[in-house]
Structures are given as C-alpha cells and as structure tokens.
Amino acid sequence: MRMFRTRRQFLALTRVAGSAAAAGGLLSRQAFGFMADVPMDSTPHSMTGEPLAPQRQMLNPVTLAKFVDALPIPAVMQSEGKRPNPRNRKVQLPYYRMEMTELTAQLHRDVPPTRQWGYAGSVPGPTIAAQSGQGLLIEWVNKLPSKHFLPVDHTLHGAEANQPEVRTVAHVHGAKVPPESDGYPESWHTPGQSRTVYYPNEQDASTLWYHDHAMGITRLNILAGLFGVFTIADAAEQAHNLPSGAFDIPLIIYDRTLDRDGQLLYPVSATPGAPFVSEFYGNAVICNGKLFPYLEVQPRKYRFRVLNAANGSYFHLTLSGNRPFHQIGSDLGLLAAPVELRTLVLFPAERAEIVIDFAGLEGQALELNTAGAGFLQFRVSKTRSAPDTSALPTVLRSIPRTPQSQSVRERILTLSEHDDAAGNSMKMLLNESHWDMPVTEKPTLDSTEIWSFVNLAGDAHPMHLHLVRFQVLDRRPFDLFAYNADKSLVYTGPAVPPDANELGWKDTVRAEPGMVTRIIVKFAGYVGRYVWHCHLLEHEDNEMMRPYDIIKPS
Ligand code: C2O
Ligand code: CU
C-alpha cells in the first residue's frame, strides 16, 4: 500500500493532472473525481506540491485559438536502395536511414517553435510502411547533442553519472523480430554512432510503432519526440478494400506541457540530484505534432490508425454528438469483426484502427474529443472527389480463442509501487524484482502460458511483452489484504471478460488496480532475451521492466 508521503505526492499529482484535464480536455488516469474541486492553476508543481521553476510559466492551452493548423500527416519513409540481409547476405533488402536530430517545430500557429528530438527531421517521425513477408533494414543514426535537454536522473538504473548522458536504441513496438533486432534497453548507442537493424516483417498486417527504449531515459527520449508509426500490410487485409491511400491516416496522440515560450516542461521532484517523478501528465493534447489541428475530410469513409504515444495518460476518445464509429483493428491487426463504439479508451502504447464515415455530414464540422473536449476538428467538405467504393466488411478475419488448456504454466506476477529505503522516490516493481536481478521468466519456444498480473498498486498499468502477441482472458477483483497477508489469491467477484475491442491480438493490456488481469500467450518466434514492462514510461524507467528469456525446447 502507498504510504502517506506518496499519497501526498499522489494528491499533488492529481492537482496538476486535474488542472490539465480542465484546461486541455485530457483525462488523466487520476483526474476523475478530482476535476470538479480543482482550481485552474497555471504553475507547474513538483511531486511534493512546491511550485516548480517559477521562472518558466506554464502555457494554458485553453487560451489558444482552436483549429487554426492543418493536421500534419507523417511522410511515408522512402528507402535508399538495397543492402544485404545480415542474416543471409545473398538476399538484398530495402535500406532506410533514420537520423535522430534536434529540431524545432511549431506545435501551434501562435506558439513559438518547440525544441524537440525527432527521427528524420520530424515529430512524430515518418511512417515506415512495410509489407508482410518483405524484410527491411533500418540504420538508426544518432546525431543528437551529447547533453540531454530534459532532466536525467542519475540515480536510476542505467542512467548513472558515469554513463553517457544521451543514449538511444530504437525498438519497433509489436514487431516479431530476432533478439538482436529488438532494441534491448542496454544495447544503446551514443551521438555519432549508428546501428543497422533487420526487421523481417513476418507477421500479420498491423499498426506498430517505433520509439526509443534506452535504459533509464526512455521517458525523456520519447517525450523529446523519438517515436513514429510502422505499418505492416498484407494481402488478406488489402483484399478487404478498406479505405486506403489518402483515406488511411495515422492519428498519433500524446500530451505535453509547454511553457509560455513554447518549450517542453517536464516536472522534477523536490529531491536535489534525483529529479525523477513517478508519472507525467501534460495539459496539452497533441495530435501528429499539432495542438488543436483540423483535418479536411470528404463525406466518405476513412480509416484512422490511432496510437496513444503518451508517457502516462490514457485517452477517452469520443466524436461530437457522441456519434458512433467502428473499431476494426487493435494492437496487432484486424479484429474478427468491426466493433461499434461511441467511446474508445486507449492506454499508453495501445493502438486502435477505426473507421469513421463522414457521409451525410457534408459541410459540417465535428470534433474528436478526449474527456469531452475537442482536440482535433474534422471539416467535412460538401463534395467527394470520387464515389466512396471502400468497404466496411462485416467480417474481417477469424481469430480463434486460444484454449486455456493449451497453457503449460500459469505465472502469478505482481505489479507494485514502493518508496525506496531513503524515502526519496518510488520504485515500481514487477514480481518484487529489480531489472538487474536474475531472469525468472523463461518460457520455452512455442509453448503457451497464462500470465496473471496481480495489481497491488493504486494505478492501472499498461503491461507490454516484446516479441509476442497475446489474448486477454479476463480481469477479476481480488482481496488485496488477503494477498498482502499470506500471498493467497482470494477473488471477491466474478471474472470480467475482455471488452469487445480487446478480443483481437494484443501486445499491451491495461492491468487495472485491484484486479488480476490474465493473458494467454504463445512464445513463438525466436529464442533469446526480450523484455516485458509497464508502458507508463516513468514506471518503465524506474524498475518496472524485466528481461525474459525464450529458451530452446529440450
Ligand atoms: Cu513500446 Cu518495450 O515498448
Ligand atoms: Cu506502471
């Protein structure tokens, strides 16, 4: 259980998050129930409630003109010729070069340019568009400065003062890749260095994303802008005649806090020398690099690939007038059938592919909201350039449920949050283990296991496993006191089945507080070392990440 001091921190956080929710329409995980009694507050606070860096005043996004910038659509990355596959040098693969550089970009017409770090000169980075079964190579080139512009905490594992301050390692989230291609958090490289990585793309059509994963500074590198979308297409998906080309658009949603000069503000703790804070919620919701953008659409169907790229916030997405839309895909590809939704909840790192039909809305404007406030406006034109011949099929593919009888092992894995011995910061632990303790999860290649996440903390944690895809089995409330007393799992209610839009293949699942969240996963692909972790980036950087090994069958 959290102690008073962390409870106080929790309340301080909700104060900031609450003002954020009131200001920007963001629903942070804890803002619920606090929003009403939270005064508008434009001063950032440290975790303990002291005003933070008073010389840098927070920009209140409510004061900005809405919908004055067009929504940027990330460019599709072009390859630069071919190079041999490092796994089989007779095969030539398309080669992409992705440089990481510092850049400035305007997040809004009336906000000065914001310093960020981006891939290939933009935030979000360009989209990598791959075809299933066709491998490619990416050279990740670190041309960043050698000093970080965000507060590195040298007390965190992997970010010690004797390590280079700026380190990067790209990871393609959701990719089924050999271990040496996965972007292991300790396999970082520094400014002036590059790494060429092989991506086989031997997996179903899906919307993946690439982002930095460097040990101890992932939260800062991603907040700085190191992320982008990576799509995989396949023949089965293409045969559906879903909206495509100009009508297939990524919506990359994340939150930031800016100062009045347009610069990123990231809170720091009140502890000198240990600036880490345990969660980050911004007050400005950004989509594809703009605050309050608009998108001109035609009265027809569109496919949107929605990604939550936030450090810690979840988004509660609705359309104006509570209009329905359809979710057609989840983290790792199409659902079995479209699911009609009026609200889509996305936790950090989750993806949802949705179809919105603007037909019948000619000449109107509607908004995409989070927590009821519009952050993206759709302006529907009066006419179409051509008839809408795209389809929203009633059946997308078959996704057989993995029977629980296939599982050879059930692992009980706790999620917890603690103060460290000095009481300075909290540690977030998986199974009460630190990153550098011996590996305890060693599934056998091609075996199936059930992983039960027992959430002992007060927050939901989006849990992610690298390499594999899984299905959500259920969530079930349990007695926390009984568990703390003698580690017995006493359920206090029936198991809750997954939501309709959680019945596809997933790589990230929200583990709710007070619940045991169960997934069933087949460890297919490769033998070797990967990681599993909480995708709240502050937690991931502070021990809520563990290595796991897939071992050869004996
Ligand atoms: Cu989205 Cu371990 O990553
Ligand atoms: Cu977490």
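Details of the structure are given in the entry above.
Read on for an overview of the structure. Note on numbering: residues in each chain are counted from 1, in written sequence order. Chains carry letters and ligands carry numbers; both start at the beginning, A for chains and 1 for ligands, and go up in the order they are written. Local features are withheld for residues below a pLDDT of 70 in this predicted model, meaning they are given only at 70 or higher, and side-chain atom pairs are given and counted only at 80 or more; totals for whole chains, interfaces and linings count all residues. Side-chain numbers here rest on the full set of heavy atoms in the structure, without hydrogens or water.

## Considering the packing of aromatic side chains
And then number 1: Stacked, tilted and edge-to-face pairs are distinguished by plane angle, under 30 degrees for stacked and over 60 for edge-to-face with tilted covering the rest, among Phe, Tyr and Trp rings (Trp via its six-membered ring) whose centres lie within 6.5 Å. Counted by the stated rule, this structure contains 23 aromatic pairs.
And then number 2: Ring centres 5.4 Å apart and planes at 65° place the aromatic pair Trp117 and Phe149 in the edge-to-face group. On the criterion of sequence distance, the pair formed by Trp117 in strand β4 (residues 114–119) and Phe149 in the loop between β6 (136–142) and β7 (170–173) is long-range, its members being 32 residues apart.
And then number 3: Here Phe358 and Phe378 contribute two aromatic rings whose centre-to-centre distance is 5.0 Å and whose plane-to-plane angle is 50°, an arrangement assigned as tilted. Elements are defined by DSSP. Helices are runs of H or I of four residues or more, strands are runs of E of two residues or more, and each kind is numbered from the N terminus.

## Some thoughts on the nonpolar core
And then number 1: Definition used in this section: a nonpolar core is a set of buried Ala, Val, Leu, Ile, Met, Phe, Trp, Tyr and Cys residues joined via side-chain atoms within 4.5 Å. We call a residue buried when its accessible area falls under 20% of the maximum for its residue type, exposed when it is over 50%, and partly exposed in between, using a 1.4 Å probe and counting protein chains only. One finds Trp140, Phe230, Phe304, Phe358 and Phe378 to be the most contacted residues of the largest nonpolar core, which totals 97 residues.
And then number 2: By residue number, the principal contributor to this core is strand β11 (residues 248–256), which donates 5 residues.
And then number 3: In this view, Phe358 contacts Val297, Gln298, Pro299, Arg300, Tyr302, Phe304, Leu366, Phe378 and Val380; residues no more than four positions away in its chain are not counted.
And then number 4: By size, the runner-up hydrophobic cluster in this structure holds 29 residues, among which are Leu415, Leu445, Trp532 and Leu536. Whether two residues touch is decided by their heavy atoms; if any such pair falls within 4.5 Å, the residues are in contact.

## Some words on the pairing of strand β20 (residues 351–357)
And then number 1: In terms of burial, β20 is largely enclosed, as 6 of its 7 residues are buried.
And then number 2: Strands are labelled as partners when DSSP assigns at least two bridges between them. One ladder, built from 7 bridges, connects strand β15 (residues 301–308) with β20; its direction is antiparallel. Looking at the pairing, Phe304 lines up with Ile354 of β20.
And then number 3: Taken together, the 3 bridges between strand β17 (residues 325–330) and β20 define a ladder with antiparallel strand orientation. Directly across from His326, in β20, lies its bridge partner Val355.

## As for the sheet that holds strand β29 (residues 515–522)
And then number 1: The strand order β24-β23-β25-β29-β27 describes an open sheet built from 5 strands, whose pairing is mixed. Since the sheet does not close on itself, it has two edges, and those belong to β24 (426–430) and β27 (470–477), each with one partner. Between one strand axis and the next, the sheet turns by 15° as a mean value, whatever way the strands run.
And then number 2: Sheet topology note: the strand β25 (residues 448–455)/β29 ladder contains 7 bridges and is antiparallel. Paired with Phe453 across the two strands is Thr517, which belongs to β29. Interaxial angle, 0 to 180 degrees, is taken between N-to-C directions of lines fitted to C-alpha atoms, where a helix line uses only the stretch in contact.

## Some remarks on the pattern of salt bridges
And then number 1: One speaks of a salt bridge when a side-chain nitrogen belonging to Lys or Arg is within 4 Å of a carboxyl oxygen belonging to Asp or Glu. Under the counting rule described, the total for this entry stands at 29 salt bridges.
And then number 2: Glu449 is paired through a salt bridge with Arg411; the nearest N and O atoms lie 2.6 Å apart. One end of the pair, Glu449, is in strand β25; the other, Arg411, is in strand β23 (residues 407–419), with 38 residues separating them in the sequence. Grouping residues by exposure puts Glu449 and Arg411 together as buried.
And then number 3: Connected through shared salt-bridge partners, Glu237, Asp248, Arg303, Arg305 and Glu353 make up one network.

## Points about the sheet that holds strand β5 (residues 128–131)
And then number 1: Taken together, the 4 strands give an open sheet; going across it, the order is β5-β10-β9-β7, and neighbouring strands pair in mixed fashion. With one partner strand each, in any of the chains shown, β5 and β7 form the two edges of the open sheet. Here the strands of the sheet are splayed against their neighbours by 25° on average, with no regard to which way each runs.

## Description of the pairing of strand β31 (residues 545–550)
And then number 1: Burial of β31 is extensive: 6 of the 6 residues sit out of reach of the surface.
And then number 2: Along β31, one buried face is formed by Met545, Pro547 and Asp549 and the opposite face, lined by Arg546, Tyr548 and Ile550, is buried too.
And then number 3: Here strand β30 (residues 528–534) runs beside β31; their pairing, made up of 6 bridges, is antiparallel. Bridge pairing links Arg529 to Asp549 in β31.

## Re the coordination of the copper ion (ligand 2)
And then number 1: Coordinating donors are taken as N, O and S atoms within 2.8 Å of the metal, stretched to 3.2 Å for Na, K and Ca; because water is absent from the atoms, sites can appear incomplete. Around the copper ion (ligand 2), the protein contributes the donor atoms His461 (ND1), Cys534 (SG) and His539 (ND1), at 2.0 to 2.1 Å from the metal centre.
And then number 2: Read in sequence order, the donor residues coordinating the copper ion (ligand 2) give the pattern H-x72-C-x4-H. With His461 in strand β26 (residues 461–465) and Cys534 in strand β30, this residue pair connects regions lying 73 residues apart in the sequence.
And then number 3: Residue His461 is classed as buried on the basis of its relative accessible area of 0%.
And then number 4: For Cys534, a relative accessible area of 0% translates into the label buried.

In short, shape yes, function no, at least from these values alone.
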